[in-house]
Amino acid sequence: GAGVSQTPSNKVTEKGKYVELRCDPISGHTALYWYRQSLGQGPEFLIYFQGTGAADDSGLPNDRFFAVRPEGSVSTLKIQRTERGDSAVYLCASSPWAATQNTGELFFGEGSRLTVL
Amino acid sequence: GNSVTQMEGPVTLSEEAFLTINCTYTATGYPSLFWYVQYPGEGLQLLLKATKADDKGSNKGFEATYRKETTSFHLEKGSVQVSDSAVYFCALRREGITGGGNKLTFGTGTQLKVEL
């Protein structure tokens, strides 16, 4: 597709369960970012990838959160032993990496809304 | 660390009114500054940006000027429309980023409601 695609758009789960959220970036964008947006807050950085490797994972809140991008395209954010405080909208974004193409703009998906009961 | 502070919303205006949404930042050096907009049911999208002091970003009738002396990047529009109703986010990217690494720090967002 033309834009960043995220699935599922909505996920309701029970406390303690495992969740996976998927992101399909814009074709050709080698940089991919995950953000979390809680109600009434701005997006909060979690992690970003350059290609297959995590270039910066300093925003992951704890070791229950993990993200992969095995082939340098689609990424999966994985949350183990979910807690009610994990409820938020998880946003994915992508951008070109090369300096000549990089305007600083992030291209966002519509997000995956996670509700932990 | 880097941070962005925005005026709290919601801001409610009548159509054709003048809009200002305040944004100030804390960062070392000369960060790049952005305004993103989130329309109902859509993902965030870039509205405008400025990469150095005194630059003015503009798009769709919106403007913001990068003021280093006041560390501000206030968003303005001379005449708002109902279709401008959305949530607006101010953001910064730290200085020195060229290739990749568009790690942004966002403000909390300001909801704008424009009524007929």
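So, here's what we can say about the structure. This is a predicted model, so every value here is computed, not measured.

**Side note on the state of the cysteines**
Residues and elements named next belong to chain A.
Point 1. In the structure shown here, the tally under the stated rule is two disulfides over all chains.
Point 2. Between the sulfur atoms of cysteine 23 and its disulfide mate cysteine 92 the distance is 1.8 Å. Its torsion about the S-S bond being -70 degrees, the disulfide of cysteine 23 and cysteine 92 is classed as left-handed. Remark: cysteine 92 occurs in strand β9 (residues 88-95) and cysteine 23 occurs in strand β3 (residues 19-24); sequence separation between them is 69 residues.

**Things to note about the interface of chain A and chain B**
Point 1. Taken together, the contact between chain A and chain B spans 25 residues of the former and 21 residues of the latter.
Point 2. Summing both sides of the interface, chain A and chain B together bury roughly 1700 Å²; the carbon and sulfur share of this comes to 52%.
Point 3. Counting every contact that joins chain A to chain B gives one salt bridge.
Point 4. A salt bridge links A:Asp56 to B:Lys103; the nearest nitrogen and oxygen atoms lie 3.0 Å apart.
Point 5. Inspection of the chain A/chain B interface yields four residue pairs in polar contact (both at pLDDT 80 or more).
Point 6. For the side of chain A that touches chain B, the elements supplying multiple residues, two or more each, are β4 (31-37), β5 (44-50) and β9 of chain A.
Point 7. Residue contributions to the side of chain A that touches chain B peak at three residues, all from β4(A).

**A short note on the environment of A:Thr30**
Residues and elements named next belong to chain A.
Point 1. Residue placement: threonine 30 occurs in the loop between β3 and β4.
Point 2. Separated by 65 residues in sequence, threonine 30 and serine 95 have C-alpha atoms that sit 6.8 Å apart.
Point 3. Excluding its chain neighbours within four sequence positions, the residues that come into contact with threonine 30 are Phe49, Gln50, Gly51, Arg69, Ser95, Pro96 and Trp97.

**Things to note about the nonpolar core**
Point 1. Judged by nonpolar contacts, the single largest core of 26 residues is most densely connected at B:Leu19, B:Trp35, B:Leu47, B:Leu48, B:Phe73, B:Leu75 and B:Tyr88.
Point 2. Where this core is concerned, the elements lending two or more residues are β2 (11-14), β3 (19-21), β4 (23-26), β5 (32-38), β6 (45-50), β8 (62-65), β10 (86-93) and β12 (110-115) of chain B.
Point 3. Here this core takes four residues from β10(B), the largest share from any one element.
Point 4. Other than its neighbours up to four places away in sequence, B:Leu48 contacts B:Leu33, B:Phe34, B:Trp35, B:Gly57, B:Ser58, B:Asn59, B:Phe62, B:Glu63, B:Ala64, B:Phe73 and B:Leu75.
Point 5. Grouped together as the second largest cluster of nonpolar side chains are 20 residues, A:Ala67, A:Ile79, A:Tyr90 and A:Leu114 included.

Cut-offs used in this document
- Residues numbered from 1 in each chain as written.
- Chains lettered and ligands numbered in written order.
- Predicted model: local features only at pLDDT ≥ 70, side-chain atom pairs only at ≥ 80, totals over all residues.
- Heavy atoms only, no water.
- Disulfide = S-S within 2.5 Å.
- Helix = DSSP H or I, 4+ residues; strand = E, 2+ residues; numbered from the N terminus.
- Contact = heavy atoms within 4.5 Å.
- Buried area = accessible area lost by both parts, 1.4 Å probe.
- Salt bridge = Lys/Arg side-chain N within 4 Å of Asp/Glu carboxyl O.
- Polar contact = N/O pair within 3.5 Å; in protein donor to acceptor, adjacent residues only side chain to side chain.
- Core = buried A, V, L, I, M, F, W, Y, C linked by side-chain atoms within 4.5 Å.
- Buried < 20%, exposed > 50% of the residue type's maximum accessible area, 1.4 Å probe, protein only.

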